[in-house]
Amino acid sequence: MRLVLSGGGTGGHVYPALAVAQAVRRGLPAGEPFDVLYVGAGGQESDIVKRAGFPMREVSAAPIRGRMPWEMAANGGKIAVGVQQARGILGEFHPSVVFSTGGYASFPVALAARSRGVPLAVYLPDLNPGWAVRAIARLAQRVCATAIESLRSLPSGKTVVTGYPVREEFWNVNRAMGRERLGLSPEEKVLFVTGASSGAHSINQAVAAELSGLLQLCEVIHLSGRADEQWLLEIRDGLPNELRSRYHLHGYMHEELPLAMAAADLAVTRAGASTLGELPAMALPAILVPGTFAGAHQRPNARYLAKAGAAVVLENDDLDHLLPIVGELLNDDERLRSMREASRRLARPNAAARIAQILSELARGQAA
């Protein structure tokens, strides 16, 4: 089987594609060849794909829409170039199937797949599809979604709810393993803070402002992103010794991320697509701070987890209330237990395998 993966912009698009590729490999008959190529626009996903051991080719891409007519025209030109580049790549690679996880970087690849007659499946990580996923869904033979709430926005007849495909590593770790590997106390409460793989400056600022208070409550694992790592290191170095050892700052995590989430009692995080799969996989209660970027696509994700009882929502403008909310939750073991159970009920351990089966059927021409 020859599989092309495409999706770009953030880890929320890349990691599901890699999880599905892992599942496809596991599901193939012994001895069947398996070749994977990731096609995207470069940037943040390049390092993630490289770490996974897959080759990557880059194509020109741009958002489907723009704010000004000349911006839309320029974007259209970049997409047209990207389509020709993707057609050439697909012609060289001869994929059995293309799997897209959205993001504007995947749109030229989807158009190229359609023009070359290569079967195409798309997965929607967020609850609400963006413009790129809406467009790709019209071209695809099969559409996969995280939750039933997405169905009203996607084409009927070819959409299936699979859940969010989480990397295999998330199912192979536990609390004790995470705490041992990361040097955390077995008994202390642990808070995991992240603004996703690239960090979130407003969350980092809020943590820095209340760091001493947070560290008196619990140990803190802080995934800050590279951009804010240096000034946070300076703050850490200025802490008293007894607090400094309780603050575990990381500019970036890859292999350590599942361990950190397994070790934690509570998370503070944005509400990107990955939270829909990774928090439930770890049964990790969360304080969700939806991003304020254009499209507000994180807000439905946050509402979904909060409605299920797995999270509480804290608006970005209310981050000055972070410390009392963290303290309230960490000191309420019964509420944390209830949130853990609610989160666990949302987990879909077979999501990657279900999507892998769909891709295999498409590749063999068996899909309806």
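Placed above this text is the structure.
Residues numbered from 1 in each chain as written. Predicted model: local features only at pLDDT ≥ 70, side-chain atom pairs only at ≥ 80, totals over all residues. Heavy atoms only, no water.

1. A short note on the overall build of the chain
Okay, step 1: Tallying secondary structure elements over the chain gives 16 helices and 13 strands in all.
Okay, step 2: The C-alpha radius of gyration of the chain comes to 21 Å, within 12% of the 21 Å expected for a compact globule of 368 residues.
Okay, step 3: If one aligns the C-alpha atoms of the chain with their principal axes, the spans along those axes are about 60 × 50 × 35 Å.
Okay, step 4: Within the chain, contacts between residues separated by at least 24 positions form 68% of all contacts whose residues are at least 6 apart in sequence.
Okay, step 5: Looking at the chain as shown, the accessible area adds up to about 15700 Å², and 50% of this sits on carbon and sulfur atoms.
Okay, step 6: Positive and negative side-chain charges of the chain, numbering 38 and 35 respectively, have mean locations separated by a distance of 10 Å. (Helix = DSSP H or I, 4+ residues; strand = E, 2+ residues; numbered from the N terminus. Rg over C-alpha atoms; globule rule 2.2 N^0.38 Å. Contact = heavy atoms within 4.5 Å. Areas by Shrake-Rupley, 256 points an atom, 1.4 Å probe, with all protein chains shown as cover. Lys, Arg positive; Asp, Glu negative; His and termini not counted. Charge placed at Lys NZ, Arg CZ, Asp CG, Glu CD.)

2. Overview of the sheet that holds strand β4 (residues 97–100)
Okay, step 1: Strand order in the open sheet formed by seven strands is β3-β2-β1-β4-β5-β6-β7, with parallel pairing between adjacent strands. Taken across any chain shown, the strands that pair with only one partner, and hence form the sheet edges, are β3 (56–58) and β7 (159–161). Mean inter-strand twist for the sheet, computed between neighbouring axes without regard to direction, equals 20°.
Okay, step 2: Sheet topology note: the strand β1 (residues 2–6)/strand β2 (residues 35–40) ladder contains five bridges and is parallel. For Val-4, the partnering residue across the bridge sits in β2 and is Leu-37.
Okay, step 3: Against the sheet, helix α2 (residues 44–52) touches β2 and β3, its axis set at about 160° to β3.
Okay, step 4: Contacts from helix α5 (residues 131–139) reach β4, β5 (120–124) and β6 (142–145), with the element oriented near 150° to β5. (Pairing = 2+ DSSP bridges. Axes fitted to C-alpha atoms, helices over the stretch in contact; angles between N-to-C directions.)

3. Observations concerning the nonpolar core
Okay, step 1: Leu-3, Leu-5, Val-24, Phe-99, Phe-192 and Leu-359 are the most contacted members of the largest nonpolar core, which has 68 residues in total.
Okay, step 2: Take this core: its biggest share by element is eight residues, from helix α1 (residues 11–27).
Okay, step 3: Not counting residues up to four positions away in its chain, the partners in contact with Val-24 are Met-1, Leu-3, Phe-34, Ala-356 and Leu-359.
Okay, step 4: Core analysis: the next-biggest nonpolar cluster, separate from the first, contains 30 residues, Ile-287, Leu-319, Leu-322 and Leu-336 among them. (Core = buried A, V, L, I, M, F, W, Y, C linked by side-chain atoms within 4.5 Å. Buried < 20%, exposed > 50% of the residue type's maximum accessible area, 1.4 Å probe, protein only.)

4. Some remarks on helix α4 (residues 107–116)
Okay, step 1: Considered for burial, the residues of α4 that qualify are Phe-107, Pro-108, Val-109, Ala-110, Ala-112 and Ala-113.
Okay, step 2: Note on α4: the residue one or two positions beyond its end, Gly-117, has a positive phi of about 75°.

5. Let's talk about the pairing of strand β9 (residues 219–223)
Okay, step 1: Buried residues dominate β9, accounting for five of its five residues.
Okay, step 2: Burial along β9 is two-sided: Glu-219, Ile-221 and Leu-223 and Val-220 and His-222, pointing in opposite directions, are all buried.
Okay, step 3: Note: strand β8 (residues 190–194) against β9, five bridges, orientation parallel. The partner of Phe-192 across the bridge, within β9, is Ile-221.
Okay, step 4: Two elements, β9 and strand β10 (residues 247–250), share four bridges in a ladder whose sense is parallel. Its bridge partner being in β10, Val-220 is matched across the sheet by Tyr-247.

6. A word on the packing of aromatic side chains
Okay, step 1: Applying the stated criterion across every chain yields a total of one aromatic pair.
Okay, step 2: Relative to Tyr-164, the ring of Tyr-123 has its centre 6.1 Å away and its plane inclined at 75°; by these criteria the two rings are edge-to-face. Of this pair, Tyr-123 sits in strand β5 while Tyr-164 sits in the loop between β7 and α6 (175–181), and the two are 41 residues apart along the sequence.
Okay, step 3: Relative accessible area serves as the criterion here: at 3%, Tyr-164 is assigned to the buried category.
Okay, step 4: Looking at Arg-2, its charged tip hangs above the ring of Phe-93, at a distance of 4.1 Å from the centre.
Okay, step 5: Residue placement shows Arg-167 over the ring face of Tyr-15; its charged tip is 4.2 Å from the ring centre. (Phe/Tyr/Trp six-rings, centres within 6.5 Å; stacked < 30°, edge-to-face > 60°. Lys NZ or Arg CZ within 6 Å of the ring centre and 35° of its normal.)

7. Focus on the side chain of His-254
Okay, step 1: Among the structural elements, His-254 can be located in the loop between β10 and α11 (256–263).
Okay, step 2: One polar contact links His-254 to Tyr-15, side chain to side chain, over a distance of 3.2 Å.
Okay, step 3: Contacts of His-254, omitting those with residues within four sequence positions, involve Tyr-15, Ile-48, Arg-51 and Arg-167. (Polar contact = N/O pair within 3.5 Å; in protein donor to acceptor, adjacent residues only side chain to side chain.)

8. Overview of the packing of α4 against α5
Okay, step 1: Running from N to C, α4 and α5 cross one another at 10°; their axes reach a closest spacing of 10 Å. The orientation of α4 relative to α5 falls into the category roughly parallel. Contacts between α4 and α5 involve Phe-107, Ala-110, Leu-111 and Arg-114 from the former and Ala-135, Ile-136, Arg-138 and Leu-139 from the latter. (Parallel < 35°, antiparallel > 145°, perpendicular 65-115°, else oblique.)

9. A word on unusual backbone geometry
Okay, step 1: Of note, the phi angle at His-94 is positive, near 55°, even though the residue is not glycine.
Okay, step 2: Among the secondary structure elements, His-94 is positioned in the loop between α3 (69–93) and β4.
Okay, step 3: Located in the positive-phi region is Ala-283, a residue other than glycine, with phi close to 50°.
Okay, step 4: Looking at Ala-283, the relative accessible area reads 4%, which means it is buried.

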